[in-house]
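# Architecture and fold: a report
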Amino acid sequence: MRSLFDLLSRFAQTLLFWWVRIDNKPAKIDLEPLKQARTVVYVLEQQSTADALVLDRQCRKLGLPTLNHRLTLNGLEKRRPLIAVHGRPSVLRRRRSGITPVLAQLLNHLSEHPDEDILLVPVALYWGRGPRKSNSLVKALLSSNWNLIGRFQKLLTILFNGRNTFFELNEPISLRRLAEDEPEATVAARKVARVLRIHFRRVRTAVIGPDLSHRRVLISQLLNTEAVRKAIAQHAASKNISLEKAQKLAAKHATDIAADVSYNVIRFLDLILSWLWNRIYNGVEVSGIEPVRELARDHAIVYVPCHRSHMDYLLLSYSLYYQGLNVPHIAAGENLNMPVVGSILRRGGAFFIRRRFGGDKLYTAVFNEYMHSVFSRGYPVEYFIEGGRSRTGRMRHPATGTLAMTVRSHLRDNVRPVIFIPVYIGYEKVLESRSYLGELRGKEKKKENLFDLVKTVRRLKNYGHVYLNFGQPMALNDLLDQHNPDWRNHQYSAEDKPGWLVPFVDNLARQVCIRINQAAALNPVNLVALTLLATSHRAIDGALLRKQLTLLGTLQQQHPYSAHITLPDGNADDWIDYALAMGALRHIPQKLGDLYGYDSQNAVLMAYYRNNIQHLYALPALIAALLGQGQGIDETVLKEGVKLIYPYVRTELFLDISAETAADSVPLWLNCLAEQQLIFRDGERWFAADQGSANRLQLELLAAIMLPTLERYLLTLAVLIRLGSAKASTKELENQSQQMAQRLSVLNGLDAPEFFDKDLFKYFIQTLKQQGVISVNADSCIVFDDRLPRVVRASDQVVPAEVLYTIMQVTGLGETKTIDQPALIERKA
């Protein structure tokens, strides 16, 4: 009889899998303990024949005990190794006794056999992964979240959602360990049942997400909150309009903002994006997702990626979906709310935000309450910490508005802990790279429109790999405890802005940027760009290119920037071949040896990818620059030089360690560079390798990674000295420094618009203030003392003489007596 039942089950299983499709990803748990365990019992959330058939099929594929095996335990010999947390009414019995009696029997067996254990294996299985949505009965019937599903409803679910089925084995649970504190079997069984229910609730929240209230209901509730009602009344009074008109405006703001998640649209986007990624990318590489999957079960997740392209929105949501995580609500710029496209994005999880609120208190109140409703309902959220896309490839300084709203929402309701997940998104080819180049050269940013989007999609071609690296998570509660241990003892309202909030958010934003940079992805394109753009003429001998690429790889292998960075497979030859295939490198055959290089246009584009990873080599490059002029330097002096310069580099590139820690690591880097034979020690001084040797060239190429940055700093100081103390405002210094940098780049033949990016000067000047090097007087003019001229005079130890000479001439400082001009000319000669 049993064999007949098994045969029928196999036949039904075959029929079922003519239609059902499961993404057969590798198991995320170690299967060996399950294969070796004496007794394994699988646990489904709901009793279902179809679910059992899917489970049995997957167990066969994974080489695990199947459901055809019967338990060998006393009293359970005829029972399959399967239990369900929620029973299902049958034709004969309207109610099932549930999971507790079976658990009690299993626990009784363990009490009689103290040397045995039973592994419970929770199985997450969702047909279509569709969240509940209260306004659609049909969608609810077909949803994996339907708790009281019957046989006919299950059939519809399989027909409509069977080709999009999620299956995952969760970590096995030791039944003995789970019940060891409770000697009474019946009580212990109820405890285990409760633990399993909580487990499945957490898994469901992570994979499917919380229930979706209807958008109109959410907006109605939002408009009735105290903060919004107060803002409506204030707006009506200030604008001298009726209360009804102000209410309609608030409702319009809410409608313009709110997402309208549709799982059908998400599945449609899944099909479209699968086609799109296969058309334009060689693959999407995901790293560091496992901790996120665990945290998503009982935390409110906030994804904070860097922003490099419009593709970021789609790539991250698509990857999370395929990793078995819920698609987040995404803060998108109002510029993307275009006809057709905006509607699709909104149904895919996007909510729209103005770039600037412009003092509109009504809009601010509505948006704050919308954000609070999203967080309090437990939805995962995604927003870009930089605000807009980076045009230079560097991490932009953060926009803190949305981050502040997140913190304020959590202060009002901190039941569910918030976790920030930094995400590094790296491209081997950015879709918008040429438009970024135009904007950096002064062209006005073109407004997005549907026609341009269609044209862009038509000309898409090979854009290489994309890298999604998830960085070290950040728990908001822990950060608040460190900053203000007393925060839990206060009740906060929607209007409250405690005095400690602004510095806390500013520091939090910076830490997020640092964590994103810690998860950077090295790839052949950005490594080649880092090397080629360090050369003076954007060309290099093939042998030297291979040596330098090997050096860059070795530095990160021996002393990785962080545990979250990823390195490319293969060796230098493989990377060169790949860059050539991607059109990111030009091969110039020569009888005396192959050359590689960039033309002028490609060199500018490659600067973007160089800037993606410049921060990973900032400290060794700075040390190399301090060593590279050949005069030799004492280790103590070298450390002081690092302490002097590093704070500015750290601020600009969002580096993780302090200036003191950087200085303390100088001996480690000196030994590392000595092992590579780039430097040597003679007595108490360190010297660069001999002039004209390949090792000396490698050291100079390493130093050149930071030289443009150091040149920009020196240029700004020279301009300030030329203007004079108490003679110019911060804005004047920014403008003149940018103009001088643009002039310097033309004189040096450096076609690199990112060299004179105005924001870089702005933040350098801010850091000068923070470090106490300059101050601003009552007339808003910059004041400095004689330390600045001394710094400029000492810069010839770091910056090549010809560069220093050019800076002096461009700024006009060479015409003054502030700098020892004859000595400088002599050194140049």
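What counts as what
Residues numbered from 1 in each chain as written. Predicted model: local features only at pLDDT ≥ 70, side-chain atom pairs only at ≥ 80, totals over all residues. Heavy atoms only, no water. Helix = DSSP H or I, 4+ residues; strand = E, 2+ residues; numbered from the N terminus. Areas by Shrake-Rupley, 256 points an atom, 1.4 Å probe, with all protein chains shown as cover. Phe/Tyr/Trp six-rings, centres within 6.5 Å; stacked < 30°, edge-to-face > 60°. Buried < 20%, exposed > 50% of the residue type's maximum accessible area, 1.4 Å probe, protein only. Lys NZ or Arg CZ within 6 Å of the ring centre and 35° of its normal. 1 Å grid on protein atoms, 1.4 Å probe; cavity = no way out; pocket = protein on both sides within 12 Å on 5 of 7 lines; lining within 4 Å. Points joined across faces, edges and corners; volume = space filled by probe spheres on them. Expected span 1.5 Å × (residues − 1). Polar contact = N/O pair within 3.5 Å; in protein donor to acceptor, adjacent residues only side chain to side chain. Salt bridge = Lys/Arg side-chain N within 4 Å of Asp/Glu carboxyl O. Pairing = 2+ DSSP bridges. Right-handed = clockwise from strand over helix to strand, strands pointing away. Axes fitted to C-alpha atoms, helices over the stretch in contact; angles between N-to-C directions. Core = buried A, V, L, I, M, F, W, Y, C linked by side-chain atoms within 4.5 Å. Contact = heavy atoms within 4.5 Å. Nonpolar A, V, L, I, M, F, W, Y, C, P; charged D, E, K, R; others polar. pLDDT = per-residue confidence, 0-100. Patch = residues over 30% accessible without salt bridge, like charges linked within 9 Å, V, L, I, M, F, W, Y side chains within 5 Å. Lys, Arg positive; Asp, Glu negative; His and termini not counted. Charge placed at Lys NZ, Arg CZ, Asp CG, Glu CD.

## Some points on the overall build of the chain
Looking only at helices and strands, the chain has 36 helices and 21 strands in total. Taken as a whole, the chain presents about 37400 Å² of accessible surface, with 52% of it coming from carbon and sulfur.

## What about the packing of aromatic side chains?
Inspection of the entire model under this criterion finds 18 aromatic pairs. Judged by centre distance (5.6 Å) and plane angle (40 degrees), the rings of W277 and Y281 are tilted. On the basis of relative accessibility, which here comes to 4%, the residue W277 falls in the buried class. Centroid distance F680 to F687: 5.7 Å. Interplanar angle 15 degrees. Geometry classified as stacked. Across from the ring centre of Y363, 3.9 Å away, lies the NZ or CZ of R354, which sits over that ring.

## So, empty space enclosed by the protein
Under the counting rule described, the total for this entry stands at 11 cavities of 30 Å³ or more. Estimated volume of the largest cavity: approximately 210 Å³. Forming the boundary of the largest cavity are 18 residues, of which L269, L273, L314, S317 and G348 lie nearest the centre. Of all elements in the fold, only α12 (263-280), α14 (311-322), β8 (329-333) and α15 (341-347) reach the threshold of two or more residues within the lining of the largest cavity.

## What to know about helix α16 (residues 361-376)
The terminal C-alpha atoms of α16 lie 22 Å apart, and with 16 residues this matches the ideal 22 Å at 1.5 Å per residue to within 8%. Of all 16 residues in α16, 13 are buried, a share of seventy percent or more. Where α16 begins, the capping side chain belongs to D360, and its oxygen is found 3.2 Å from the backbone nitrogen of L362. Residue G378 follows α16 closely and has a positive phi angle near 90 degrees.

## Brief notes about the pattern of salt bridges
Under the counting rule described, the total for this entry stands at 17 salt bridges. With a shortest N-O distance of 3.8 Å, R347 and D260 are connected by a salt bridge. Linking R347 in helix α15 with D260 in the loop between α11 (243-257) and α12, this pair joins segments that are 87 residues apart in sequence. In this structure, E700 and R696 form a salt bridge, with 3.2 Å as the shortest nitrogen-oxygen distance. With E700 and R696 both in helix α30 (residues 694-703) and 4 residues apart, the pair spans about one turn of that helix. Note on E700: relative accessible area 30%, which makes it partly exposed. Under the relative-accessibility criterion, R696 is labelled buried at 6%. Through salt bridges with shared partners, a single network forms among E168, E290 and R293.

## Re the pairing of β8
Counting buried residues in β8 gives 5 out of 5 residues, a clear majority hidden from the surface. Residues H329, A331 and G333 point to one face of β8 and I330 and A332 to the other, with burial holding for every one of them. Pairing between β8 and strand β10 (residues 381-382): 2 bridges, direction parallel. Within the sheet, the bridge partner assigned to I330 lies in β10 and is E382. Sheet topology places β8 next to strand β9 (residues 350-353); 4 bridges connect them, and they run parallel. Each bridged residue has a counterpart across the sheet, and for I330 the counterpart in β9 is A350. Running through α15, the crossover from β8 to the neighbouring parallel element β9 is right-handed.

## Focus: the sheet that holds strand β15 (residues 586-588)
Here we have 3 strands laid out as an open sheet, ordered β14-β16-β15, and antiparallel in their pairing. Either end of the sheet is taken by a strand with one partner, and the two such strands are β14 (539-541) and β15. Strand-to-strand twist across the sheet, computed as the mean angle between neighbouring axes with direction ignored, equals 25 degrees. Here β14 pairs with strand β16 (residues 595-597) via 3 bridges, running antiparallel. Across the sheet, D541 pairs through a bridge with L595, a residue of β16.

## Observations concerning the sheet that holds strand β17 (residues 633-634)
Strands sit in the order β17-β19-β18 across an open sheet of 3 strands; the sheet is antiparallel. Strands with a single pairing partner mark the edges of an open sheet, and in this sheet they are β17 and β18 (679-682). With 2 bridges connecting them, β17 and strand β19 (residues 685-688) associate as antiparallel partners. Note that in β19 the partner of D634 across the bridge is R685.

## Quick look at the nonpolar core
The biggest cluster of nonpolar side chains holds 206 residues, and the ones touching the most others in it are Y303, Y383, F420, F470, L508 and I623. A per-element tally of this core places helix α31 (residues 707-723) first, with 10 residues. Excluding residues that lie within four positions of it along the chain, F420 makes contacts with V302, V304, Y383, L403, T406, P473, M474, L476 and L508.

## Remarks on the layout of surface pockets
Space inside the second largest pocket adds up to approximately 1400 Å³. Every residue lining the second largest pocket is counted, 44 residues in all, and those nearest its centre are R355, E386, G387, G388 and R396. Mapped onto the lining of the second largest pocket, the elements with two or more residues apiece are β8, α17 (401-412), α18 (433-440) and α33 (758-770). Each residue belonging to the lining of the second largest pocket can be placed in one class, and the counts come to 16 nonpolar, 12 polar and 16 charged.

## Notes on the confidence of the model for the chain
Across the chain, the average pLDDT comes to 83, with 86% of residues at 70 or higher. Throughout residues 132-141 the model reports pLDDT below 50, and contacts reaching past four residues in sequence, or to other chains, amount to 19 contacts. Across residues 817-829, where pLDDT falls below 50, the model places 25 contacts with residues more than four positions away in sequence or in other chains.

## With respect to a positive patch on the surface
Positive charge collects at one region of the surface, where R190, R194, R197 and R201 lie side by side. Mapped onto the fold, R194 is located in helix α8 (residues 185-207).

## What about the side chain of H299?
Relative to the assigned elements, H299 resides in the loop between α13 (290-295) and β7 (300-305). Reaching out from H299, the side chain makes a polar contact with the backbone oxygen of L295 at a distance of 3.0 Å. In this structure, H299 is in contact with R416, P417 and I419, ignoring residues within four places of it in sequence.

## Here we look at unusual backbone geometry
Positive phi, normally seen in glycine, also occurs at R538, with a value near 60 degrees. If you check the backbone angles, A726 has positive phi at about 60 degrees while not being a glycine. Of note, A726 is situated in the loop between α31 and α32 (730-747).

## Quick word on the environment of V512
The residue V512 is located in helix α21 (residues 501-518) in this model. You can call V512 buried: its relative accessible area is 0%. A C-alpha to C-alpha distance of 8.9 Å links V512 and P398, two positions 114 residues apart in sequence. In contact with V512, other than residues within four places in its own chain, are V304, I385, P422 and M474.

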